[in-house]
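Residues per chain are reported as follows:
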Amino acid sequence: MKRADVTIALILTGLAAFVLLEASKLSFGSMRVPRTAFFPVILATLLLMLSLILLGQALRGAPTGRGPERIEAEGWFRIGATLVALIGFALALERLGFLLSTLLLMVLLLRAIESLEWHKVFAVALATSLVAYALFGWLLGIPLPAGILGI
Amino acid sequence: MDFFSNVALGFSVALTPTNLLFCFIGSVVGTLVGVLPGLGPVGAVAFLLSLTFKMEPATAIIMLAGIYYGAMYGGSTTSILVNIPGETASVVTCLDGYRMARQGRAGAALGISAFGSFIAGTFGVIGLMFLAPPLGRAALRFGPPEYFALTLTGLTLVAYLTQGSLTKALIMTVLGLLSGVVGMDPISGEERFAYGSLTLRDGFGLVPVAMGLFGITEILDNLAVIHSQSIYETKIKGLLPNRKDWQDSAWPIARGSVLGFFLGILPGPGPVISSFVSYAMEKRLSRHPEKFGTGVIEGVAGPEAANNSATAGSFIPLLSLGIPTSAIMALFMGALMIHGIQPGPLFISKYPELFWGFIASMYIGNVMLLVLNLPLIGLWVRVLKTPYVILFPLILLFCLIGVYSLNSNVAEIVIMLGFGILGFFLRRAGFEGAPFILAMVLGPVMETSLRQSLLISRGSFGIFVTRPICAALMGFTLLFMLWPMIWKRKTAGKDRSASAQKNSSS
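In this text, all values refer to a predicted model and were calculated from it rather than measured experimentally.

### Points about the nonpolar core
Residues and elements named next belong to chain B.
Okay, so step 1: Formed by 195 residues in total, the largest nonpolar core has its most connected members in Leu 64, Phe 315, Phe 332, Phe 347 and Ile 413.
Okay, so step 2: Among the elements that make up this core, the one with the highest residue count is helix 4 (residues 57-82) (15 residues).
Okay, so step 3: Excluding residues within four positions of it along the chain, Phe 332 makes contact with Ile 61, Leu 64, Ala 65, Tyr 68, Phe 315 and Leu 318.

Spelled out as structure tokens, the structure:
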């Protein structure tokens, strides 16, 4: 908990500095006529102060909330696999088309979250992809990308 | 204005077949979301937001509201039968509700929470109907300084009421405000922090960010530790509470309705807080406080009533002032603004059919939910048994399609995933998403009103303390901010002396 807080406080300090730097390229205006950079500069200053407070609290070892439940290796695997599947979907969507990407996504997710048997995985994945295609593409008329297969 | 013609207008809108259908769909989806742990009402509203674009505005808001109060009904079912809250507003219902189920009184607990919810929900809607219009008229006189004070008060209260570390909640608030800054300057139209990205030029979209923080984060969190849940297998019989149950619950429901409504109006997660406060209050007022936690019906009736009337109350600041006070209200604001409707003081007079139609639909929705929840309880129990392995991929798929359908833009999927991952790690470190999303929506309002105020006052911050309404809000905020510091110092002093004593004695 403490180490995480120190890390986050340092990252946020960096972020605040970055915002201040970027805002300095915009016009600040004045108190009478505040312009584009006015509000971001106030916010970045606040963020800087709060990050330093958090850093101070973490270093003093003040309790900043209860620690999270420990995640077992299995849990991290599920999370990692899910994220890979999701990012893969984002990359594949406009190249492979909706139907194929969804099928792949579902196969990956179904296998990753709980290792279902392969034939079940394919059956469920195929069914959900087709139903989703029909529901969103036809019924709700959302333009879904067609890919290499033209579907 | 003649009140009855307004109500009649409302029902004429709400009773059209389309609106009835979507009120029904909203209520069912809401109950479903409430029943299933793992997706809260915020996530559900976020991912259904994209489906509402092609609807009439009235239909859209009617369906989304149905989800919100439906989730409050549904949440209690999971709490009572599984001892896992379906959503956070039903956490306290677990305490006595689950105990009642273990004693074979699941039926009475489910029944009283449905009836209590119905009574309180109706009370809340009536309150909304009477309070929102005059407040809206009063707010017509608000200028930029008042709006700045309102947003500041709202954000401060939410940060202070968020569980866990105050510093962290404030950091999330500032981060949310900063995210709201990305894109075009609301006054001059200049581009900021967009780095040439077309997507970022319009700022971070509310829907991708909300779905990331409340949909994706929630699922990643659930994936980390999959609990094998056991539903308490029991024959649910006697859904109608008996005479004694009613006698015990009547006052808790009445008190919960009033309490929930007023706590709902205040900024913060009204339904969640009001259910806790109601439980504490019932315990204090009870003649047998020691029995709380062992399965007393008051402990179910009060909080369930409170969280339902709070949902109605929480619409008041949004519809009459244009200020959302919680993450879910921020999404409602987004839903209205997508249709070009700006909630605020002019909302009720400008769109009477929308406001009154919405009110009427909430009456109808509450009746629907009562009908849905009592006889169909067996169905909801079966839904509860849906394995995660099927549920999670489906929710994720809906999130992906929902975000993509907004603008057919893959970049928004990436934004959603980014905020989802960020939200997951931040949550594990004790940072909550609610202040963030609220701040992101209020950011532009706050910036515009601050800059306009300073233009009016020629750079003097005195403008915020010389106007009466503004000064009152500022004073209230300041008091609220200082209170915990004083209180903390006192208790910290006590703790220290206590631990010192302990050390010296050991």
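### Observations concerning helix 10 (residues 206-224) of chain B
Residues and elements named next belong to chain B.
Okay, so step 1: An ideal rise of 1.5 Å per residue puts 27 Å on 19 residues; helix 10 measures up with 26 Å between its terminal C-alpha atoms.
Okay, so step 2: Most pronounced at Gly 212, the bend in helix 10 amounts to some 35 degrees.
Okay, so step 3: Of all 19 residues that make up helix 10, 17 are buried, and the element is covered over most of its length.

### Some details on the packing of helix 11 (residues 243-265) of chain B against helix 12 (residues 270-285) of chain B
Residue and element names in this part refer to chain B.
Okay, so step 1: Remark: helix 11 packs on helix 12, axes separated minimally by 9 Å, with the N-to-C direction vectors making an angle of 140 degrees. Viewed along their axes, helix 11 and helix 12 form a crossing whose handedness is right-handed. The segment helix 11 lies against helix 12, with Pro 252, Arg 255, Gly 256, Leu 259, Gly 260, Leu 263 and Gly 264 engaging Gly 270, Ser 274, Val 277, Ser 278, Met 281, Glu 282 and Leu 285.

### Digging into the interface of chain B and chain A
Okay, so step 1: Across the contact, 60 residues belong to chain B and 65 residues belong to chain A.
Okay, so step 2: Here chain B meets chain A over a buried area of about 5,500 Å², counting both sides, of which 79% is carbon and sulfur.
Okay, so step 3: At the boundary of chain B with chain A, the tally comes to one salt bridge.
Okay, so step 4: Between Asp 5 of chain A and Lys 168 of chain B there is a salt bridge whose closest N-O contact spans 3.0 Å.

### Side note on the pattern of salt bridges
Residue and element names in this part refer to chain B.
Okay, so step 1: Inspection of the entire model under this criterion finds 13 salt bridges over all chains.
Okay, so step 2: A salt bridge links Arg 105 to Asp 245, with the nearest nitrogen and oxygen atoms 2.7 Å apart. Taken as a pair, Arg 105 in the loop between helix 5 (91-102) and helix 6 (106-139) and Asp 245 in helix 11 lie far apart in primary sequence, 140 residues in all.
Okay, so step 3: A relative accessible area of 28% places Arg 105 in the partly exposed class.
Okay, so step 4: Arg 451 is the partner of Asp 185 in a salt bridge, and the nearest nitrogen-oxygen pair spans 3.1 Å. Placement of Asp 185 in the loop between strand 1 (183-184) and strand 2 (191-192) and of Arg 451 in helix 21 (residues 434-457) is noted, with a sequence separation of 266 residues between them.
Okay, so step 5: Asp 185 sits in the buried class, given a relative accessible area of 3%.
Okay, so step 6: A network of salt bridges, in which partner residues are shared, links Asp 185, Arg 192, Glu 447 and Arg 451.

### Details of the packing of helix 8 (residues 166-181) of chain B against helix 21 of chain B
All names here are of chain B.
Okay, so step 1: The N-to-C vectors of helix 8 and helix 21 enclose an angle of 50 degrees; their axes lie 7 Å apart at closest approach. In terms of orientation, helix 8 and helix 21 fall into the oblique class. The hand of the helix 8/helix 21 crossing is right-handed. Of the residues in helix 21, those touching helix 8 at Ala 169, Met 172, Thr 173, Leu 175, Gly 176, Leu 177, Ser 179, Gly 180 and Val 181 are Pro 435, Phe 436, Ala 439, Met 440, Gly 443, Pro 444, Met 446 and Glu 447.
Okay, so step 2: Grouping the amino acids of the contact of helix 8 with helix 21 by side-chain chemistry returns 11 nonpolar, five polar and one charged.

### Some remarks on unusual backbone geometry
All names here are of chain B.
Okay, so step 1: In the Ramachandran plot, Ser 408 falls in the positive-phi region, its phi being about 50 degrees despite a non-glycine side chain.
Okay, so step 2: Within the secondary structure layout, Ser 408 lies in the loop between helix 19 (388-407) and helix 20 (410-428).
Okay, so step 3: On the basis of relative accessible area, Ser 408 is assigned to the partly exposed category, the value being 30%.

### Describing the packing of aromatic side chains
Residues and elements named next belong to chain B.
Okay, so step 1: Within this structure, the stated rule accounts for 24 aromatic pairs over all chains.
Okay, so step 2: Ring centres of Phe 142 and Tyr 147 lie 6.1 Å apart, and the angle between their planes is 70 degrees; this geometry places the pair in the edge-to-face category.
Okay, so step 3: Accessibility expressed as a relative area gives 15% for Tyr 147, which makes it buried.
Okay, so step 4: For the pair Phe 315 and Phe 358, a centre-to-centre distance of 4.9 Å together with 65 degrees between the ring planes defines the contact as edge-to-face. Of the two residues, Phe 315 is situated in helix 14 (residues 315-321) and Phe 358 in helix 17 (residues 352-373); the sequence distance between them amounts to 43 residues.
Okay, so step 5: The class of Phe 358 is buried, set by a relative accessible area of 1%.
Okay, so step 6: A network of ring pairs unites the aromatic residues Tyr 68, Phe 315, Phe 332 and Phe 358 as a single cluster.

### Regarding the environment of Gly 34 of chain B
Residue and element names in this part refer to chain B.
Okay, so step 1: Following the sequence through the fold, Gly 34 ends up in helix 2 (residues 17-35).
Okay, so step 2: The class of Gly 34 is buried, set by a relative accessible area of 0%.
Okay, so step 3: Note: C-alpha distance between Gly 34 and Phe 480 (446 residues apart in sequence) is 32 Å.

About the thresholds
Residues numbered from 1 in each chain as written. Chains lettered and ligands numbered in written order. Predicted model: local features only at pLDDT ≥ 70, side-chain atom pairs only at ≥ 80, totals over all residues. Heavy atoms only, no water. Core = buried A, V, L, I, M, F, W, Y, C linked by side-chain atoms within 4.5 Å. Buried < 20%, exposed > 50% of the residue type's maximum accessible area, 1.4 Å probe, protein only. Helix = DSSP H or I, 4+ residues; strand = E, 2+ residues; numbered from the N terminus. Contact = heavy atoms within 4.5 Å. Expected span 1.5 Å × (residues − 1). Bend = angle between axes of the 7 residues up to and from the residue. Axes fitted to C-alpha atoms, helices over the stretch in contact; angles between N-to-C directions. Left-handed = near helix turned anticlockwise from the far one by under 90°. Buried area = accessible area lost by both parts, 1.4 Å probe. Salt bridge = Lys/Arg side-chain N within 4 Å of Asp/Glu carboxyl O. Parallel < 35°, antiparallel > 145°, perpendicular 65-115°, else oblique. Nonpolar A, V, L, I, M, F, W, Y, C, P; charged D, E, K, R; others polar. Phe/Tyr/Trp six-rings, centres within 6.5 Å; stacked < 30°, edge-to-face > 60°.

Functional significance is not addressed by these values, which are geometric in nature.
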